[in-house]
Amino acid sequence: MYEFQAGDPVRGKDSELRGVVLKVLDEGWLMVRETEFDMDVNVHSNEVVLSSMPTDKLPYPLAPKKEEQPSRKVKSQHIDLHLESIPDSIRKRHTHPAEAQLEFLRRCLHNCLQQGCSHLEIIHGKGSGNLHKRILELLRSHAQVRNIEPLKAALEKPHGIRVLFR
């Protein structure tokens, strides 16, 4: 299960809710600024998922702006989903390794998009193919993903996926 953070754009799983997480509350509850009616609502984290809503289109600022620094567009990022590369804080929250790997991927994907990456290389390694299929499902449902292509599998190159963003 994804651990939401303030600033995450979200949408309702079974509702028309669209907004941004303002604050993470106790016991899985979130304070969300709902965009259509411009009001704060409390929802449980099980009722929402990450959204690809651009935060610069919101009718209100997320936080007070600090000194603006010239932005540098990061061309690409590379992440490794092998278990030894995933932080202990994420790994320990999940009983199944694939859940930890997917949570880490969601966080990296979110950070990559916030930094303005043009593409991301995801190394998931060789296995039964189950993680590969789940990664493809996640990427295909993401609005910012333009193209998905497999990395060439060879003896010297690990198994993975290259993602190009809009």
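Residues numbered from 1 in each chain as written. Predicted model: local features only at pLDDT ≥ 70, side-chain atom pairs only at ≥ 80, totals over all residues. Heavy atoms only, no water.

1. As for the pattern of salt bridges
- In total, this model carries 8 salt bridges according to the counting rule given.
- R162 serves as the salt-bridge partner of E121, at 2.7 Å between the closest nitrogen and oxygen. One end of the pair, E121, is in strand β7 (residues 119-123); the other, R162, is in strand β9 (residues 160-165), and 41 residues separate them in sequence.
- Take E121: its relative accessible area is 18%, and that puts it in the buried class. (Salt bridge = Lys/Arg side-chain N within 4 Å of Asp/Glu carboxyl O. Helix = DSSP H or I, 4+ residues; strand = E, 2+ residues; numbered from the N terminus. Buried < 20%, exposed > 50% of the residue type's maximum accessible area, 1.4 Å probe, protein only.)

2. A look at the side chain of Q101
- Considering the arrangement of structural elements, one finds Q101 in helix α2 (residues 97-114).
- On the basis of relative accessibility, which here comes to 10%, the residue Q101 falls in the buried class.
- Setting aside residues no more than four positions away along its own chain, Q101 makes contact with L81, H82, L83, I86 and L131. (Contact = heavy atoms within 4.5 Å.)

3. Points about the sheet that holds strand β1 (residues 9-12)
- Strand order in the open sheet made by the 5 strands is β4-β3-β2-β1-β5, with antiparallel pairing throughout. Each edge of the open sheet is held by one strand with a lone partner, namely β4 (39-44) and β5 (48-50). Averaged over all neighbouring strand pairs, the angle between strand axes comes to 45°, with direction disregarded.
- Both β1 and β5 contribute to a ladder of 3 bridges, which runs antiparallel. Counted as the bridge partner of R11 is V49 from β5. (Pairing = 2+ DSSP bridges. Axes fitted to C-alpha atoms, helices over the stretch in contact; angles between N-to-C directions.)

Remember that the coordinates give geometry; whether it matters functionally is a separate question.
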